[in-house]
Amino acid sequence: MQAKLATYRREGALALRHMWFVILLFSVVQIIVSIAVAASNSSSEGGYKSMSFAAIWAMFLVIAFGLLGARIVFGGKAPELLIGFLIGVASMLAQLFFVLAVIFFGIGTEAALNGHKTAPSDKAYGAFGLVNTIIYAVWAIILSVNRKAVALNQKEAENVDVETYKSNNTGEVYNPATKPTNIPPANTSVDVNVDDEEAEL
């Protein structure tokens, strides 16, 4: 275990990648739990439709975070702005799920006292919310500590800009990776045929 932690300390990108797979796994579980809670609160007596909305909204936030986070894990180095944005989003999700956990635990306890059928699903979402709080908090900490390992520095960003965007003689902006092989020269002469009679005039 200690050897594994030492490896993660040396290779921050590897720690991010492995933690990302954990997030993806729990994202799938999040989708299932959110749909079950939304259905239970919308159709059962004593349910709260506002809790259904909160569960579905959190599900969409998790999906959006999964798509953005893949840019860092699988897309190589990323701009510092994107990394800072993902750190903030992960921290926000950790706080959101903590608040949802407290709310759903309270609603689930109330539903259990009143004998409503929504109690098990509400309590399950509350427990799962605590797990998500820990996961996203750990992700935010790992990304904060290892942000330099996955971030483009100023020199690398300038090199990317130079290599990606260049202008040819015609003023067109293109990507060198898709640069056409037969670019016409910028200054092309145009032959104009003038009739002799018009030339004499």
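As a reminder, the structure under discussion sits directly above these lines.
Cut-offs and rules
- Residues numbered from 1 in each chain as written.
- Predicted model: local features only at pLDDT ≥ 70, side-chain atom pairs only at ≥ 80, totals over all residues.
- Heavy atoms only, no water.
- Helix = DSSP H or I, 4+ residues; strand = E, 2+ residues; numbered from the N terminus.
- Buried < 20%, exposed > 50% of the residue type's maximum accessible area, 1.4 Å probe, protein only.
- Contact = heavy atoms within 4.5 Å.
- Phe/Tyr/Trp six-rings, centres within 6.5 Å; stacked < 30°, edge-to-face > 60°.
- Axes fitted to C-alpha atoms, helices over the stretch in contact; angles between N-to-C directions.
- Parallel < 35°, antiparallel > 145°, perpendicular 65-115°, else oblique.
- Left-handed = near helix turned anticlockwise from the far one by under 90°.
- Nonpolar A, V, L, I, M, F, W, Y, C, P; charged D, E, K, R; others polar.
- Core = buried A, V, L, I, M, F, W, Y, C linked by side-chain atoms within 4.5 Å.
- Expected span 1.5 Å × (residues − 1).
- Patch = residues over 30% accessible without salt bridge, like charges linked within 9 Å, V, L, I, M, F, W, Y side chains within 5 Å.
- Areas by Shrake-Rupley, 256 points an atom, 1.4 Å probe, with all protein chains shown as cover.
- Salt bridge = Lys/Arg side-chain N within 4 Å of Asp/Glu carboxyl O.

Some remarks on the overall build of the chain
No. 1: Counting secondary structure elements, the chain contains eight helices and two strands.
No. 2: Sequence-ordered secondary structure for the chain, helices as α and strands as β, is α-α-α-α-α-α-α-β-β-α.
No. 3: Counting the 201 residues in the chain, one finds 32% classified as buried.
No. 4: Restricting to contacts in the chain with at least 6 residues of sequence separation, those with at least 24 account for 67%.

Re the environment of Ala 149
No. 1: Mapped onto the secondary structure, Ala 149 falls in helix α6 (residues 147–150).
No. 2: Between the C-alpha atoms of Ala 149 and Ala 78, which are 71 residues apart in sequence, the distance is 9.8 Å.

Description of the packing of aromatic side chains
What characterises a pair of aromatic rings is the spacing of the ring centres plus the angle enclosed by the ring planes.
No. 1: Inspection of every chain in the model, using the stated rule, returns eight aromatic pairs.
No. 2: Between Phe 65 and Tyr 136, the ring centres sit 5.5 Å apart and the planes meet at 80 degrees, which makes this aromatic pair edge-to-face. Highlighted residues: Phe 65 in helix α3 (residues 49–74) and Tyr 136 in helix α5 (residues 119–145), separated in sequence by 71 residues. With respect to class, Phe 65 is no different from Tyr 136; both count as buried.

Regarding the packing of helix α4 (residues 80–114) against α5
No. 1: With their axes 7 Å apart at the nearest point, α4 and α5 run at an angle of 160 degrees to one another. By the angle between their axes, α4 is roughly antiparallel relative to α5. Helix-helix and strand crossings are classified by hand; for α4 and α5 the assignment is left-handed.
No. 2: Tallied by class, residues from the contact of α4 with α5 come to 24 nonpolar, eight polar and two charged.

Section: the nonpolar core
No. 1: Ranked by internal contacts, the top residues of the largest apolar core, which has 35 residues, are Phe 65, Phe 97, Tyr 125, Tyr 136, Trp 139 and Leu 143.
No. 2: For this core, the elements supplying multiple residues, two or more each, are α2 (12–43), α3, α4 and α5.
No. 3: Per-element tally for this core: the top contributor is α4, with 12 residues.
No. 4: Beyond its immediate stretch of four places on either side in the chain, Phe 97 contacts Gln 30, Ala 58, Val 62, Tyr 125, Gly 129, Asn 132, Thr 133 and Tyr 136.

Observations concerning α4
No. 1: The terminal C-alpha atoms of α4 lie 51 Å apart, and with 35 residues this matches the ideal 51 Å at 1.5 Å per residue to within 8%.
No. 2: The positive-phi residue at the C-terminal boundary of α4 is Gly 115, with phi of around 75 degrees.

Things to note about α3
Given 3.6 residues per turn, any residue in an α-helix points the same way as the ones three and four places further on.
No. 1: Helix length check: α3 (26 residues) gives 38 Å between terminal C-alpha atoms against 38 Å at 1.5 Å per residue, within 8%.
No. 2: Inspection of α3 places Met 51, Ser 52, Ala 54, Ala 55, Ala 58, Met 59, Val 62, Phe 65, Gly 66, Gly 69, Ile 72 and Val 73 among the buried residues, and these make up the whole buried set.

Concerning a nonpolar patch on the surface
No. 1: On the surface, Phe 98, Val 99, Val 102, Ile 103, Phe 105 and Leu 130 cluster together into a nonpolar patch covering about 490 Å² of accessible area.
No. 2: By residue number, the principal contributor to the nonpolar patch is α4, which donates five residues.
No. 3: Among the secondary structure elements, Ile 103 is positioned in helix α4.
No. 4: Looking at Ile 103, the relative accessible area reads 35%, which means it is partly exposed.

So, the environment of Phe 104
No. 1: Structurally, Phe 104 is set in helix α4.
No. 2: Residues Phe 104 and Ala 119, spaced 15 residues apart in sequence, show a C-alpha to C-alpha distance of 9.1 Å.
No. 3: Those residues within four positions of Phe 104 in sequence are excluded, and the remaining contacts are Val 37, Met 51, Asp 122, Lys 123, Tyr 125 and Gly 126.

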